[in-house]
Amino acid sequence: MAKSSLLLLIIITLYFIVLQAVFASHSFSYPLTINNKRIVEEKTGQRVKLRCANWPSHMSVMLAEGLNKQTLSNIVTHISSFGLNCIRLTWPTFMFTRYFNQTILQTLDDLKLEEIKLGIMKYNNDFLNMTHPQAYAFVVKQLFSANIMVVADNHVSKPKWCCDSDDGNGFFGDSSFDPDEWVQGHTLAAQFFKNLSNIVAISLRNELRGPNQNVAAWYSNMRRAALAIHHQNPNVLMIFSGFYYASDLRFLKRTPLNVEPRNKVVFEAHNYPYWNPNWGNKSANSVCASVKSDLEENVGFVLSDDDYDSPLFISEFGMDLIARPQSDKQWLTCMLTFLAERDIDWCWWGLQGSYYLRQGKVDAPEVYGLNNFYWNGTTYPQFRKRFQLLLNTLQDPSSKAPYSHILYHPQSGLCVKADQNYNQIELGDCKKASGWKQEGDKIKLNGDHCLKSLGIEGDPAVLSSDCSSSDLSSSWKFISHSGLHLQDNNTGLCLDKDRNSSILVTNKCICVGHDTGCLDNPQSQWFQLVPTNVE
C-alpha cells in the first residue's frame, strides 16, 4: 500500500473513532427515572432534560407528517440541527385497536390521497407497504440512530385533527373515546414499544376537554391505563395531563394520583398565546405576570410543593412563525422566563410544515411549524439563538457544583457577560455566562464586581470593583408587575439593551407603573437571574 493511501486510511479511521467518541459522550443511558422532580438516567442519576418538538402522527393517515416532502433521514437530520434531543411523536388509539394490520398504502387509497401517495413513493417508498405500527416503529428507530428520544403521545382515539370540545375525542365516554378500548390501546402500544428503547415515555392522553370532564373518571381511568402500561413496559415514564386542554392540574391538590411506581410519573401542561386575549391589548408586564401566576397556580405547583415528587413537562407551546404578530412574540418572551427559571422540560408545537390532510384540506400548511411548507428549511432561523439557554441543562440533582446565576435577556435569548477587562457588560452567547449573584441590593459577578449605573440615560452600564453599601449607583432592585426590570436605585433608570448594539445601557423604565394600558413594548428591559449548578 502506498504511503499516501496508508496515511489516508489512518486519518479516516481516527476520524470515525473521534466521531464515535463524540456521539457516545452525548448519548443517553436508558431507561429514565425521576429524582428530586427531575428526569434522570436510572443508571447514573444524571439529569436528562427533554428539549423536544411535536411531530404529529395521529391524523387520518396515521403516519409521521412530511414524508411526502423529504426523506426520513433528511427530516431527522434537520431535527438534530435545531439542537433538540427529543420528539413527542403522536399516535391515535385506533391505530392499535382497529388499524393494526392496515398498510399506509391502503389508508392513502381509502382517503383518495393520490398526490400524497406519489410524494411518499418518491421520498420514502418503503413506507407504503408497512402497517401503521411498523411505520411508527421505523420512524422511532431512525430517531434512535440520531440519538433522539421519543415521547409516545396518545393524542386522540379516532385519527383526526385535534382539538375541539365536541369532537368525540375529548374525554372518557365521548363517542370516540371508550375507556376500555383506550386501555386496550395503551396495553398493545406499551407492549409494541417495549423493544424500542428510545421511547422513554408514554403520554397517556393529550388535552382532555369538553363537558364530560370529571375528577372521578380521570382518576379511575388514568390509574387503570398506568397499571397496564407499567405491567407491559416497566421502563417507560408515564406522563399525565389534566383538564381544560392540559391547562389545569389543581384537582391533584385535593387528591394525589398515587400511581406506582412514583419514580415513573411526570405531569404535563400546555400554553399558547391565544389563550390570553390581553396580549397586545394590555401592558406586557401585567399580562406576563398574570400568565405566569396562572401557570403557577394551575400546574406549576407540582414543582414548588414538596408533596409532589414529579417533574412538570410543558409538552406543547408555540406561536405563528409566519406572521409573528407582536402579541405572540411578547408571549414567547414571557414563556421563556417561566421555563428558564426552574429549567423545565419542554416541547415546541410543532416540527411539521404541512399535513397530508387536515380538516378536509389536502397538503395543508402549518404556521406554527419549525419546518417550512416544503420541509427543506426552517421558518425560524433564529431558533437556536433564541432558545440557546433552554437547549442547555441548567440544573442537575447529580451535580456537585455550587449554584450561581446567569443574567438572562429573554427577548434576545442572549446572556449578560463582561468584556475582557471586566469593565463593560454586553449581551453574548450563554456559554460560560454564569457567576452572577444577587446580594441584597447588589448584582455581583464572580463575587467581586458589581453592576453599576453611570446615572445618565443612554450611557452604558458598567462593572465596578466598588461594591460598598454607600455606593447607590451600584444598588439595584427588580421592579414592575413582571418583576423583570432591573432598576438603578439611585436614578430610577432601568437596565436596557442598546437598540443598535449588544451593549447594555440604562434608560427610562418602560411601562413599570400601575397603568395596565401602557402598550409600549418593555421587553428590551426584561432581565432574569436564572439559577444553575451545571458548569
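Criteria and thresholds
Residues numbered from 1 in each chain as written. Predicted model: local features only at pLDDT ≥ 70, side-chain atom pairs only at ≥ 80, totals over all residues. Heavy atoms only, no water. Disulfide = S-S within 2.5 Å. Helix = DSSP H or I, 4+ residues; strand = E, 2+ residues; numbered from the N terminus. Buried < 20%, exposed > 50% of the residue type's maximum accessible area, 1.4 Å probe, protein only. Core = buried A, V, L, I, M, F, W, Y, C linked by side-chain atoms within 4.5 Å. Contact = heavy atoms within 4.5 Å. Pairing = 2+ DSSP bridges. Expected span 1.5 Å × (residues − 1). Polar contact = N/O pair within 3.5 Å; in protein donor to acceptor, adjacent residues only side chain to side chain. Salt bridge = Lys/Arg side-chain N within 4 Å of Asp/Glu carboxyl O. Axes fitted to C-alpha atoms, helices over the stretch in contact; angles between N-to-C directions. Parallel < 35°, antiparallel > 145°, perpendicular 65-115°, else oblique. Left-handed = near helix turned anticlockwise from the far one by under 90°. Nonpolar A, V, L, I, M, F, W, Y, C, P; charged D, E, K, R; others polar. Phe/Tyr/Trp six-rings, centres within 6.5 Å; stacked < 30°, edge-to-face > 60°. Lys NZ or Arg CZ within 6 Å of the ring centre and 35° of its normal. Arc of directions from axis to C-beta. pLDDT = per-residue confidence, 0-100.

## Side note on the state of the cysteines
Summed over the entire model, instances satisfying the criterion amount to seven disulfides. Each sulfur in the disulfide pair Cys 52 and Cys 86 lies 2.2 Å from the other. An S-S torsion of about 90 degrees defines the bridge between Cys 52 and Cys 86 as right-handed. With Cys 52 in strand β3 (residues 51–55) and Cys 86 in strand β4 (residues 86–92), this pair connects stretches of sequence that are 34 residues apart. Accessibility classification places Cys 52 together with Cys 86 in one group, the buried group.

## Considerations on the nonpolar core
Formed by 115 residues in total, the largest nonpolar core has its most connected members in Trp 55, Phe 193, Trp 218, Phe 240, Leu 252 and Phe 387. The element best represented in this core is helix α10 (residues 284–304), accounting for nine residues. Counting residues in each nonpolar core, the second largest holds 18 residues, with Tyr 30, Ile 34, Cys 52 and Leu 237 among its members.

## Topic: the side chain of Ser 286
Mapped onto the secondary structure, Ser 286 falls in helix α10. Here Ser 286 is in contact with His 481 and Thr 516, once residues within four sequence places are set aside.

## Notes on the pairing of strand β15 (residues 425–428)
Here four bridges tie strand β14 (residues 414–418) to β15, and the two strands are oriented antiparallel to one another. Its bridge partner being in β15, Ala 418 is matched across the sheet by Ile 425. In this antiparallel pair of consecutive strands, β14 and β15, the connection spans six residues, and Tyr 422 shows a positive phi of 55 degrees.

## Re helix α8 (residues 215–232)
The first and last C-alpha atoms of α8 sit 26 Å apart over 18 residues, in line with the 26 Å expected at 1.5 Å per residue. Residues Ala 217, Trp 218, Tyr 219, Asn 221, Met 222, Ala 225, Ala 226, Ala 228, Ile 229 and Gln 232 constitute the buried set of α8. Among the structural elements, α7 (179–193), β6 (199–203), β7 (237–240) and α9 (243–246) are those in contact with the buried residues of α8. Put simply, Asn 214 is the residue that caps the front of α8, since its side-chain oxygen is 3.4 Å from the backbone nitrogen of Ala 216.

## Let's talk about the pattern of salt bridges
Tallying each qualifying case throughout the model produces 22 salt bridges. Taking the shortest distance from any N to any O, the salt bridge between Asp 180 and Arg 224 comes out at 2.9 Å. Placement of the pair is Asp 180 in helix α7 and Arg 224 in helix α8, with a sequence separation of 44 residues. A relative accessible area of 48% means that Asp 180 is categorised as partly exposed.

## Details of the packing of α7 against α8
The geometry of α7 relative to α8 is characterised by a closest axis approach of 8 Å and an angle of 20 degrees between their N-to-C directions. Between α7 and α8, the interaxial angle falls into the category roughly parallel. Once α7 is placed against α8, the crossing between them reads as right-handed. Between α7 and α8, the residues in contact are Pro 179, Asp 180, Trp 182, Val 183, His 186, Thr 187, Ala 190 and Gln 191 and Asn 221, Met 222, Arg 224, Ala 225, Ala 228, Ile 229 and Gln 232, respectively. A class-by-class count of the residues in the contact of α7 with α8 yields eight nonpolar, five polar and two charged.

## Here's the deal with the packing of aromatic side chains
Evaluated as defined, the whole model comprises 37 aromatic pairs. With centroids separated by 5.3 Å and ring planes inclined at 45 degrees, the aromatic side chains of Trp 346 and Phe 387 adopt a geometry described as tilted. Separated by 41 residues along the polypeptide, Trp 346 in strand β10 (residues 345–348) and Phe 387 in the loop between α12 (383–386) and β13 (404–409) bring together distant segments of the chain. For the residue pair Trp 346 and Phe 387, the accessibility class agrees, reading buried in each case. The structure contains a cluster of three or more aromatic residues connected by ring pairs, namely Phe 171, Phe 172, Phe 177, Trp 182, Trp 218, Tyr 219, Phe 240, Phe 243, Tyr 244, Phe 251 and Phe 267. One Lys or Arg, Lys 253, reaches over the ring of Phe 301 and ends 4.6 Å from the middle of that ring. Between Arg 358 and the ring centre of Trp 161, over which it is positioned, the NZ or CZ distance is 3.6 Å.

## Topic: helix α5 (residues 114–124)
Note: α-helices contain 3.6 residues per turn, so residues at a spacing of three or four share the same orientation. Buried within α5 we find Ile 116, Lys 117, Gly 119, Ile 120 and Asn 124. Down the axis, α5 shows its buried residues gathered within 160 degrees of arc, on one side only. Those residues of α5 that are exposed and aimed more than 90 degrees away from the buried face are Glu 115 and Lys 122. Looking at the buried side of α5, the elements it contacts are α2 (72–81), α4 (104–110), β11 (354–358) and β12 (361–365).

## Considering the pairing of strand β22 (residues 494–497)
Pairing of β22 with strand β23 (residues 504–507) involves four bridges; the strand directions are antiparallel. In the sheet register, Leu 495 faces β23, and the bridge partner there is Thr 506. Taken together, β22 and the strand that follows it, β23, pair antiparallel across an intervening segment of six residues.

## Considerations on the confidence of the model for the protein
Residues at a pLDDT of 70 or more form 95% of the protein, whose mean pLDDT is 93. In this model residues 1–26 is a low-confidence stretch, pLDDT under 50, and it forms six contacts with partners more than four residues away in sequence or in other chains.

## Quick look at the sheet that holds β4
Pairing in this closed barrel of eight strands is parallel, and the strands run β3-β4-β5-β6-β7-β8-β9-β10 around the ring. Averaged over all adjacent pairs, the angle separating strand axes in this sheet is 30 degrees, with direction ignored. Sheet topology note: the strand β8 (residues 265–271)/strand β9 (residues 312–317) ladder contains five bridges and is parallel. Paired with Phe 267 across the strands is Leu 312, a residue of β9. Where α7 meets the sheet, it contacts β4, β5 (149–156) and β6, and its direction lies at approximately 175 degrees from that of β6.

## Thoughts on unusual backbone geometry
Residue Cys 163 is reached from Cys 162 by a cis peptide bond, and omega for that bond is 20 degrees. Mapped onto the elements of the fold, Cys 163 is located in the loop between β5 and α7. A cis amide bond links Trp 349 with the next residue in sequence, Gly 350, at an omega value of -5 degrees. Phi at Glu 207 is positive, roughly 40 degrees, even though this residue is not glycine. Relative to the helices and strands, Glu 207 resides in the loop between β6 and α8. The class for Glu 207 is buried, based on a relative accessible area of 7%.

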